[in-house]
Amino acid sequence: MNARKTVNAHKTVVARLAAATLIAGLAAPALADAPGKDWMPIDQVLTKLSEAGYGPVRSIEADDGVWKAKAERDGRTIKVQVDPRTGAVIEKAKRQSDD
């Protein structure tokens, strides 16, 4: 293989790797945020949800500056947001529990 073909082969490999990396990055799921230093600990958030009549909690994560959870209430799965400093619960959407 001459030098020109070697350079072109390397460029092709690099271009394919770059494209694969970009595609993999776009296909990867968005990662949740990390809780802030002044946020209520997750165990206290779970207590606040329980006190507000939610449970069991199916999932909870720090995302977009709030705690986001899926919990059951009155036989339905409900998405809620919890203020990370006060523990105030904001109900987002209801859906049937059989999903």
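Structure: see above.
Residues numbered from 1 in each chain as written. Predicted model: local features only at pLDDT ≥ 70, side-chain atom pairs only at ≥ 80, totals over all residues. Heavy atoms only, no water.

Moving on to the overall build of the protein. Counting secondary structure elements, the protein contains two helices and four strands. Reading the helices (α) and strands (β) of the protein from amino to carboxyl end gives α-α-β-β-β-β. Taken across its 99 residues, the protein has 18% of its residues classed as buried. The long-range fraction of contacts in the protein, counting pairs at least 24 apart against all pairs at least 6 apart in sequence, stands at 31%. (Helix = DSSP H or I, 4+ residues; strand = E, 2+ residues; numbered from the N terminus. Buried < 20%, exposed > 50% of the residue type's maximum accessible area, 1.4 Å probe, protein only. Contact = heavy atoms within 4.5 Å.)

Another point: the packing of aromatic side chains. Applying the stated criterion across every chain yields a total of one aromatic pair. Ring plane angle 65° and centroid distance 5.4 Å describe the contact between W39 and W67, whose orientation is recorded as edge-to-face. Here the residue W39 occupies a position in the loop between α1 (3-27) and α2 (42-51), and W67 occupies one in strand β2 (residues 66-73), the gap between them amounting to 28 residues. For the cation-ring pair, R73 lies above Y54, with the distance from its terminal atom to the ring centre recorded as 4.7 Å. (Phe/Tyr/Trp six-rings, centres within 6.5 Å; stacked < 30°, edge-to-face > 60°. Lys NZ or Arg CZ within 6 Å of the ring centre and 35° of its normal.)

Looking now at unusual backbone geometry. Cis geometry marks the peptide bond from G55 to P56, where omega comes out at -5°. Positionally, P56 belongs in the loop between α2 and β1 (57-63). A positive phi angle, close to 55°, is found at D74, a residue other than glycine. Note that D74 resides in the loop between β2 and β3 (76-82).

To continue, consider the side chain of T77. If you trace the backbone, T77 turns up in strand β3. Judged by its relative accessible area of 2%, T77 falls in the buried class. Within the structure, T77 has its side chain in polar contact with the side chain of R58 (distance 2.9 Å). (Polar contact = N/O pair within 3.5 Å; in protein donor to acceptor, adjacent residues only side chain to side chain.)

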